[in-house]
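Chain and residue survey
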Amino acid sequence: RRKQDPKSKMAGSESLFNRILSASAKISDPLKSIAAQTSEAATSKWRETTTDYQEMPREQFVRKHAAVLAGVGVISLLGLRYLYYRLRKPASPSSSAASKKYPPSSSSATYPTTKFEPAPTIGARTEAGSQPHPSPAQASPPPREATVTRPLFGGAMTIALPEPFTDVSAFRQVPNHQEVYLDPATDRSLVVEINQYNEEEEDSDAVKTFFVELCNDMQAEMDTSALTPRELDSSSCPHLPAEVHKSVLVGVPKVSKYNQEALNYVQVTMCSIRLKQYESDILVIMYVPTAINDKSVVAGTEIVPAEVNAAIFSSALESFKIVDYGLFGD
């Protein structure tokens, strides 16, 4: 660079600073003054440096103006970078085009961090026995998660569950009459439980009795008086004898996690399978958080859409199979 004409060098540097000053004029007024002062001081310093450059030996010049040279280099690079991105920035779309693609949102709308979604009907039928006609928004069923057949009670039963559901007995003790599977990422769980058959309980009321007892055991807050069980037909559990009574009940009690004070809304879907011949009641229960308290130990857990959970529960019932009835004794 020593062979370059000092005048042309100085003219080039002044042009660069002028371009930076011109670009900075588009910034806010307080910055304009700072940019102008910086440009003027830098240009003056550059003139002094250019004079020394011509008169001093190279080593002495570098020692004296090393900091200045470094500063000017950094400022020049930043200015060039700014100009480059400023000039290549694409024009913003017109307001009319943007409004067509992104409709304006209501300023009064509020968006909660968690959301309660009512459970879709499981195994519902119309009076004629056909599936109800879905609305256009519900015409496409949600995609089902990939499932894996899991053995229950030593292989005496089987059920298909999504891959993320893990056997809880692998890391903590589970009662002998239960099989528990948990999805740690969403805090969803599914329990298969065997209970003693109660002959005094009507088939239509059995599932509600079990549900009320469960809410009492969990110390849940919920008015269960308005809950109405619904009987399932044989197509909901195709691997069970047609004469076996099956009914389902869905409720959303407020319960705590690990006895905390913070309460969460948890959708409990319970299916009762009555095996009178074997003096046993089988319960298939799915627990799904629908709204989580910010102070809960599971705060921040992903909330899975209700229709996805309904599909998982329906798939579990459709796959449920009793392989060995000897599990229930003679």
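Look up a bit, the structure's there.
A few points on the structure. (Residues numbered from 1 in each chain as written. Predicted model: local features only at pLDDT ≥ 70, side-chain atom pairs only at ≥ 80, totals over all residues. Heavy atoms only, no water.)

**Focus on the overall build of the protein chain**
- Across its full length, the protein chain holds six helices and 11 strands.
- Here the protein chain, with 330 residues, has 36% of them falling under the buried criterion.
- Put simply, the protein chain shows about 20,600 Å² of open surface, and 52% of that area lies on carbon and sulfur atoms. (Helix = DSSP H or I, 4+ residues; strand = E, 2+ residues; numbered from the N terminus. Buried < 20%, exposed > 50% of the residue type's maximum accessible area, 1.4 Å probe, protein only. Areas by Shrake-Rupley, 256 points an atom, 1.4 Å probe, with all protein chains shown as cover.)

**Overview of the pairing of strand E10 (residues 280–291)**
- The element E10 is extensively covered by neighbouring structure, given that 12 of its 12 residues are classed as buried.
- Note: strand E5 (residues 188–196) against E10, eight bridges, orientation antiparallel. If you follow Gln196 over to E10, its bridge partner there is Ser280.
- In this structure, strand E9 (residues 263–275) lies alongside E10, joined through 11 bridges in antiparallel fashion. Residue pairing in the sheet places Val268 in a bridge with Tyr287 of E10.
- Connecting E9 to the antiparallel partner E10 that follows it, the hairpin turn spans four residues, and Glu279 within it adopts a positive phi of roughly 50°. (Pairing = 2+ DSSP bridges.)

**Points about the packing of aromatic side chains**
- Counting across every chain of the model gives three aromatic pairs.
- A cation over a ring is seen here: Lys257 above Tyr258, with NZ or CZ 5.3 Å from the ring centre. (Phe/Tyr/Trp six-rings, centres within 6.5 Å; stacked < 30°, edge-to-face > 60°. Lys NZ or Arg CZ within 6 Å of the ring centre and 35° of its normal.)

**Notes on helix H6 (residues 306–319)**
- Given a rise of 1.5 Å per residue, 14 residues ought to cover 20 Å, and the 20 Å separating the end C-alpha atoms of H6 matches this to within 8%.
- Among the 14 residues in H6, 12 count as buried, and that is most of the element.
- Inspection of H6 places Ala306, Val308, Asn309, Ala310, Ala311, Ile312, Phe313, Ser314, Ser315, Ala316, Leu317 and Ser319 among the buried residues, and these make up the whole buried set. (Expected span 1.5 Å × (residues − 1).)

**Remarks on the nonpolar core**
- Counting residues in hydrophobic clusters, the biggest one holds 32 residues, and the most contacted among them are Met157, Leu190, Ile273, Ile282 and Phe320.
- Broken down by secondary-structure element, the contributors of at least two residues to this core are strand E2 (157–162), E5, E9, E10 and H6.
- No other element matches the five residues that H6 contributes to this core.
- With residues near it in sequence (within four places) discarded, Met157 still touches Arg150, Pro151, Leu152, Ile194, Ile282, Phe320, Lys321, Ile322, Val323, Leu327 and Phe328.
- With 19 residues, the next largest nonpolar core counts Cys215, Val255, Val266 and Met270 among its residues. (Core = buried A, V, L, I, M, F, W, Y, C linked by side-chain atoms within 4.5 Å. Contact = heavy atoms within 4.5 Å.)

**Remarks on the pattern of salt bridges**
- All chains considered together, the criterion is met by four salt bridges.
- Where Asp183 meets Arg188, a salt bridge forms, and the shortest distance between an N and an O atom there is 3.0 Å. There is no split in this pair, since Asp183 and Arg188 are both buried.
- Where Arg274 meets Asp281, a salt bridge forms, and the shortest distance between an N and an O atom there is 2.8 Å. Each member of the pair, Arg274 together with Asp281, is buried.
- A cluster of three or more residues bridged by salt bridges with shared partners is formed by Asp203, Arg274 and Asp281. (Salt bridge = Lys/Arg side-chain N within 4 Å of Asp/Glu carboxyl O.)

**Some points on the sheet that holds E2**
- Read from one edge to the other, the open sheet built from three strands follows the order E1-E2-E11, with strand pairing classed as antiparallel. Each end of this open sheet is capped by a strand with a single partner; those strands are strand E1 (147–152) and strand E11 (321–322).
- Taken together, the six bridges between E1 and E2 define a ladder with antiparallel strand orientation. Its bridge partner lying in E2, Arg150 is registered against Ile159.
- Here H6 sits on the sheet in contact with E1, E2 and E11, set at roughly 155° to E2. (Axes fitted to C-alpha atoms, helices over the stretch in contact; angles between N-to-C directions.)

**Observations regarding the side chain of Asp183**
- Residue placement: Asp183 occurs in strand E4 (residues 178–183).
- Here Thr186 takes part through its side chain, which lies 2.7 Å from a polar atom of the side chain of Asp183.
- Leaving out residues up to four positions away in the same chain, Asp183 has contacts with Pro164, Phe165 and Arg188. (Polar contact = N/O pair within 3.5 Å; in protein donor to acceptor, adjacent residues only side chain to side chain.)

**Brief notes about the layout of surface pockets**
- Computed from the structure, the largest pocket encloses a volume of approximately 1,100 Å³.
- Among the secondary structure elements, those contributing two or more residues to the lining of the largest pocket are E4, E5, helix H5 (203–218), strand E8 (254–256), E9 and E10.
- Of the residues belonging to the lining of the largest pocket, the class tally is 22 nonpolar, eight polar and seven charged. (1 Å grid on protein atoms, 1.4 Å probe; cavity = no way out; pocket = protein on both sides within 12 Å on 5 of 7 lines; lining within 4 Å. Points joined across faces, edges and corners; volume = space filled by probe spheres on them. Nonpolar A, V, L, I, M, F, W, Y, C, P; charged D, E, K, R; others polar.)

**Describing the pairing of E5**
- With respect to burial, E5 is a largely interior element, eight of its nine residues being buried.
- In this structure, the hairpin formed by E4 and E5 is closed by a connection of four residues, where Asp187 is found at a positive phi of approximately 60°.

**Observations concerning the environment of Ile282**
- Among the secondary structure elements, Ile282 is positioned in strand E10.
- Of the residues examined, Ile282 reaches a relative accessible area of 0% and is grouped as buried.
- Separated by 104 residues in the primary sequence, Ile282 and Gln178 have C-alpha atoms spaced 9.9 Å apart.

**Here we look at H5**
- Over its 16 residues, H5 runs 24 Å from end to end, which matches the ideal 22 Å to within 8%, given 1.5 Å per residue.
- Tucked inside the fold, the buried residues of H5 contact E5, strand E7 (245–251), E9 and E10.
- At the C-terminal side of H5, Gln219 shows a positive phi close to 55°.

Read these as geometric descriptors, not functional statements.
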